[in-house]
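These are the residues of each chain, in order.
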Amino acid sequence: MLSAPVRLSLAAQVGEKMFADPALSASGKMACATCHDPKAAFGPPNDLAVQLGGKDLNLAGTRAVPSLRYKDYTPPYADLLDNPDGISAPGPGGGFAWDGRAATLADQAAMPLLAPNEMANSGPADVVAKLQAAPYAELFRSAFGGAIFTQPDAAFGKALQALQAFQREDPRFHPYSSKFDLYAANKIGGTLTPAEARGLKVFADAKTGNCASCHYQGAGLNGSSALFTDFSYEAIGVPRNAAIPANADPAYFDVGLCGPLRTDHPSAPGNTLCGMFKAPTLRNVALRKSFFHNGVMHSLEQVIRFYNTRDTMPEIWYPTVGGTPKAKPDAGFPAYGLVTTQYTGGSVQKFNDEPRQFVGNIDTQMPMDGRAAHSTPPMSEREMADLTCFLNTLTDGYQPPANPPTSGPCIQ
Ligand code: HEC
Ligand code: HEC
């Protein structure tokens, strides 16, 4: 896209250096950019559900790495946030991280710097000592005052503001350069193919995909383009991920707004917030290789099929106990689920990553409307394929081809 080069403020220039600096970690090998790779829309560079960090880079996280793009306009968390669509009732919304526990990008930046399983600094003074020894220490002084390093607490605060300024100012965090953006602004090259246009309908249609009701697709706040999230929280019953070491303890549950990382909502029976996670933006979602807060799914196809058949075919998403595995699944038993073994008898452990007392918090709006097992799911094969085509138009860096193809996937 042709636009004037943006001059970053001094603070943002410091933030840019910090973001890529592995010397700011206890291992000396991990920067923000290690997990938030600029080449992957500032999301994870690999398909791991959770990343390894800490002093020896051997301590696993408990959540998937989100993309840092389009975090603009995220309001601080509130239990009753007005929904940007102006129609839905106020509900939990806003904030950074999957559970909204950081109110600003600056607050958020302190968490990875100090988390023992991420950059693992022992405290703010440890980070400041590293900054003082950094090749950009002079730039830090120019931005924040010649004597800034004599006050470690103030210097740490400035460091967090620098990371925030970088994420806010650098256009790479909000390029709005997807095919969808060309389409929405009615620009040349922004014509959706018939398949993509049908996919957009499925995305918005309350009777099929209904994705827009949580991953808002209209004009965003403050006159911005659509952000593809309404910042709201829901519990959608994502299956437990055995690839996360913390889940080896059957008593461990990540219940989002009720902890364990967030600590201000009690994880107690009757608390309707427990089990809820933030609906993330779907911009650049096609670049991801692990999906949902626990990274349990590994393709967009799998995610869409989960939405479609969570209720109608729970046996392919959740484990079965007490049944007899069939040596060979029946013809037609799908291979795209998380469970590919078919059982005779036994019971499906539906919503197996939810403590029993919170199962009632799980959302039952379309497309996961609680319909009976083995009834017809809301989306057809064609609708799911079209929806995938549409989601692919949300990837930044789109270059309209000189000769648009007339056949192939996502065209007709
Ligand atoms: C070890 C991998 C790792 C490193 C290093 C890391 N992050 Fe993250 N980041 C994550 C994970 C995982 C989450 C989700 C955390 C959660 O939900 O509790 C996250 C969340 C975030 C978010 C919130 C995004 C959202 O969708 O609300 C921001 C902003 C962020 N990180 C910025 C940074 C910055 C700045 C740094 C460097 C100081 C950094 N991260 C270093 C893994 C990492
Ligand atoms: C009821 C609200 C709701 C509806 C409707 C909904 N989503 Fe979501 N979506 C969420 C929430 C909440 C999450 C995070 C859940 C979690 O990780 O536990 C999520 C996560 C996702 C993710 C994972 C993204 C990532 O970065 O890991 C994808 C992809 C996604 N949704 C696509 C869709 C599509 C496509 C539809 C329509 C078929 C849809 N969603 C409908 C609430 C919703």
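Residues numbered from 1 in each chain as written. Chains lettered and ligands numbered in written order. Predicted model: local features only at pLDDT ≥ 70, side-chain atom pairs only at ≥ 80, totals over all residues. Heavy atoms only, no water.

Participant: Break down the side chain of N284 for me, with residues and values.
Facilitator: The residue N284 is located in the loop between β6 (277-278) and α9 (300-309) in this model. A distance of 2.8 Å separates the side chain of N284 from the backbone nitrogen of D396, its partner in a polar contact. (Helix = DSSP H or I, 4+ residues; strand = E, 2+ residues; numbered from the N terminus. Polar contact = N/O pair within 3.5 Å; in protein donor to acceptor, adjacent residues only side chain to side chain.)

Participant: Run through empty space enclosed by the protein, naming residues and quoting values.
Facilitator: Within this structure, the stated rule accounts for 5 cavities of 30 Å³ or more. Here the largest cavity is characterised by a volume of approximately 700 Å³. Taken together, the elements giving at least two residues each to the lining of the largest cavity come down to β6, α9 and α10 (381-392). Looking at the lining of the largest cavity, the element that brings in the most residues is α9, giving 4 residues. Counted by class, the lining of the largest cavity contains 23 nonpolar, 11 polar and 9 charged residues. Looking at the second largest cavity, its volume works out to about 70 Å³. Around the second largest cavity, the lining residues are Y70, K71, T74, T229, F231, K278, A279, P280 and T281. Grouping the amino acids of the lining of the second largest cavity by side-chain chemistry returns 4 nonpolar, 3 polar and 2 charged. (1 Å grid on protein atoms, 1.4 Å probe; cavity = no way out; pocket = protein on both sides within 12 Å on 5 of 7 lines; lining within 4 Å. Points joined across faces, edges and corners; volume = space filled by probe spheres on them. Nonpolar A, V, L, I, M, F, W, Y, C, P; charged D, E, K, R; others polar.)

Participant: Describe the coordination of the iron atom of ligand 2, and please don't skip the residues or the numbers.
Facilitator: Angles at a metal have ideal values that depend on geometry: 109.5 degrees with four tetrahedral donors, 90 or 180 degrees with six octahedral donors. Here the iron atom of ligand 2 is held by the protein donor atoms H215 (NE2) and Y307 (OH), which lie 1.8 to 2.0 Å from it. Because the angles between the 6 donor atoms bound to the iron atom of ligand 2 fall within 86 to 179 degrees, the donor set is best described as octahedral. With H215 in the loop between α8 (194-204) and β5 (233-234) and Y307 in helix α9, this residue pair connects regions lying 92 residues apart in the sequence. (Donors = N, O, S within 2.8 Å, 3.2 Å for Na, K, Ca; no water. Tetrahedral: all angles 85-135°; square planar, octahedral: opposite > 155°, others 65-115°.)

Participant: Pulling in residues and values, what's your account of the coordination of the iron atom of ligand 1?
Facilitator: Just one protein atom donates to the iron atom of ligand 1; it is H36 (NE2), sitting 2.1 Å from the metal. Positionally, H36 belongs in the loop between α2 (32-35) and β1 (52-53).

Participant: With reference to specific residues and values, describe the site of ligand 2.
Facilitator: In the vicinity of ligand 2 there are 29 residues, among which C211, C214, H215, H293 and Y307 approach most closely. Between ligand 2 and the protein, one listed contact pairs an oxygen atom with a backbone N or O atom of F292 at 2.8 Å. Y307 is positioned such that a nitrogen or oxygen atom in its side chain is 2.6 Å from a nitrogen atom of ligand 2. Because more than half of its atoms lie within 2 Å of the grid, ligand 2 is assigned to the largest cavity. Elements represented by at least two residues in the shell around ligand 2 include exactly β6, α9 and α10. No other element matches the 3 residues that α9 contributes to the shell around ligand 2. (Near = heavy atom within 4 Å. Sits in = over half its atoms within 2 Å of the grid points.)

Participant: Describe the packing of aromatic side chains, with residues and values.
Facilitator: On inspection of all chains with the given rule, the structure shows 20 aromatic pairs. Each ring, one from F140 and one from F144, has its centre 4.9 Å from the other, and the planes form 65 degrees; the classification is edge-to-face. With a gap of 4 residues between them, F140 and F144 both fall in helix α5 (residues 137-144), about one helical turn apart. Taking relative accessible area as the criterion, F140 reaches 0% and is therefore assigned buried. Relative to F351, the ring of Y318 lies with its centre 5.8 Å away and its plane at 75 degrees, an arrangement referred to as edge-to-face. Residue Y318 is located in the loop between α9 and β7 (320-321), and its partner F351 is located in the loop between β10 (347-348) and α10; the two are separated by 33 residues in the primary sequence. By the burial criterion, Y318 is buried, and F351 matches it. Clustering of aromatic rings is evident, with ring pairs tying together F180, Y183, F203, F228 and F390. (Phe/Tyr/Trp six-rings, centres within 6.5 Å; stacked < 30°, edge-to-face > 60°. Buried < 20%, exposed > 50% of the residue type's maximum accessible area, 1.4 Å probe, protein only.)

Participant: Got a sec to walk through the packing of α8 against α10? Specific residues and values, please.
Facilitator: Running from N to C, α8 and α10 cross one another at 100 degrees; their axes reach a closest spacing of 7 Å. Between α8 and α10, the interaxial angle falls into the category roughly perpendicular. On α10, the residues that touch A195, E196, R198, G199, L200, V202 and F203 of α8 are R382, E383, D386, L387, C389, F390 and L391. Class assignment of the residues belonging to the contact of α8 with α10 gives a composition of 8 nonpolar, 1 polar and 5 charged. (Axes fitted to C-alpha atoms, helices over the stretch in contact; angles between N-to-C directions. Parallel < 35°, antiparallel > 145°, perpendicular 65-115°, else oblique. Contact = heavy atoms within 4.5 Å.)

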